[in-house]
Structures are given as structure tokens and as C-alpha cells.
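In case you want the letters, here they are:
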Amino acid sequence: MMSQMGRDREDLAATRTPATMPRCTVLFVCTGNICRSPMAEVAFRSICDATRRRDGGVLSDVVVVASAGTANWHVGSDMDPRARSALDAAGFSGSGTPAAQVSVDLLNQADAAVALDRGHLADLRALAPPSVELSLLLEWDGAARDLEVADPFYGSVKQFDACLERIVGGCEVLAVALAARLD
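Presented here is a report on the structure given in the accompanying data block. (Residues numbered from 1 in each chain as written. Predicted model: local features only at pLDDT ≥ 70, side-chain atom pairs only at ≥ 80, totals over all residues. Heavy atoms only, no water.)

## Examining the nonpolar core
Rules: We define the nonpolar core as a collection of buried residues of types Ala, Val, Leu, Ile, Met, Phe, Trp, Tyr and Cys that are connected through side-chain atoms lying within 4.5 Å of one another. Partly exposed describes any residue whose relative accessible area lies between the buried limit of under 20% and the exposed limit of over 50%, with all areas from a 1.4 Å probe on protein chains only and scaled to the type maximum. Only runs of H or I of at least four residues qualify as helices and only runs of E of at least two qualify as strands under DSSP, and these elements are numbered from the N terminus.
Membership of the largest hydrophobic core comes to 57 residues, with the highest contact counts inside it found for Phe28, Phe44 and Val63. At 11 residues, the largest contribution of residues to this core is made by helix α5 (residues 157-182).

## As for the pattern of salt bridges
Threshold: We define a salt bridge as a side-chain nitrogen of Lys or Arg found within 4 Å of a carboxyl oxygen belonging to Asp or Glu.
A complete count under the given rule lists 11 salt bridges for this structure. The salt bridge partner of Asp55 is Arg53, with a shortest N-O separation of 2.4 Å. The partner of Asp183 in a salt bridge is Arg53, with the nearest N and O atoms 3.8 Å apart. Taken as a pair, Asp183 in the segment after α5 and Arg53 in the loop between α1 (36-50) and β2 (63-69) lie far apart in primary sequence, 130 residues in all. Note on Asp183: relative accessible area 39%, which makes it partly exposed. Linked through salt bridges whose partners overlap, the residues forming this network are Arg53, Arg54, Asp55, Asp61 and Asp183.

Here it is as C-alpha cells:
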């Protein structure tokens, strides 16, 4: 199913007991890890906080969320201010983790790596061990016609807002599917 990766990418196995360890880690992946994947990370974490499980808890009790990029251009950077602005405008608080480049080690800590476009998915297929479930975010949304979440980096604030809207739609469906799997 899905394992765990720390919100700040630390190895949680050293600090948590099996009873308190999340049962699933989801890693969102885009190119530079400053636009799409940190928006997905923050939005999905918030959606998990609001998604109820059958046992009365919330999805975030058993899911850890992180993000990374396929390129190393922005490692250590915060998310793009336009991404933060889009999240704020949509009511999503919380910060994403500093930008990181996806690696075999990072993927070994994840149960699922969720790509924002087909190029990212191809990169993940070349790196990920067989135990990591790979998907495109919008594959989870059966109503989505186009499965690509376009990169808003060279676009306007409106394009960041539209990008976030697509991300949220995919994240909402992913959260419901994950809650059903983990119950």
C-alpha cells in the first residue's frame, strides 16, 4: 500500500513507534518543486485534515505528505510567491517543505509518488522502486479530460489560480480513494 516520509523529510522510523507511524506517504512531484508540487502538498495536507475516516479520525492521522522536483534548480528554496498567493486566496494555510530534488532515497520512503505531468511520471518510472505506486494526479479524477497540470511558472497569477484549481480537484478525489484504502 503506502509507507511514510516525514513532513520535513526526516526519517520518522527513528522517532515514532509503529502505533503512531502514518500508514501512507504521498510524494507530489513536479519539475522544480516551487510551483505545482508544493501547491499539491499544501492543498492535499489540508484536504487530508478535513477528510474523515470510518474510525472517526481524519486522513492526516495516517498520511504524510511531501513534495519534490525532478530538477535541482531550486533545492532549498521556498515555493514561488505566486503559488503561495494562490494557496492563500483559496484558503489553504500551511507551508510546503523547502524544494528538494526527487531521488531513489526519497522515493524509498514513499508509498505513492504523484506526478503533475507525463514528463514527471516518466522520470519517476526511471527512478522509483517497484514498491512505490506511481500515478498522474489527474488520473484520480475520472472527470478530467486532460491529465496534465500545466506549469504556471511563466504565467500570470490567474494561471497559478487555475493550476491550483486543477490540483485541488485531483487531490480531493485522491483523498477519498486513499481514505477508502486505509480504512
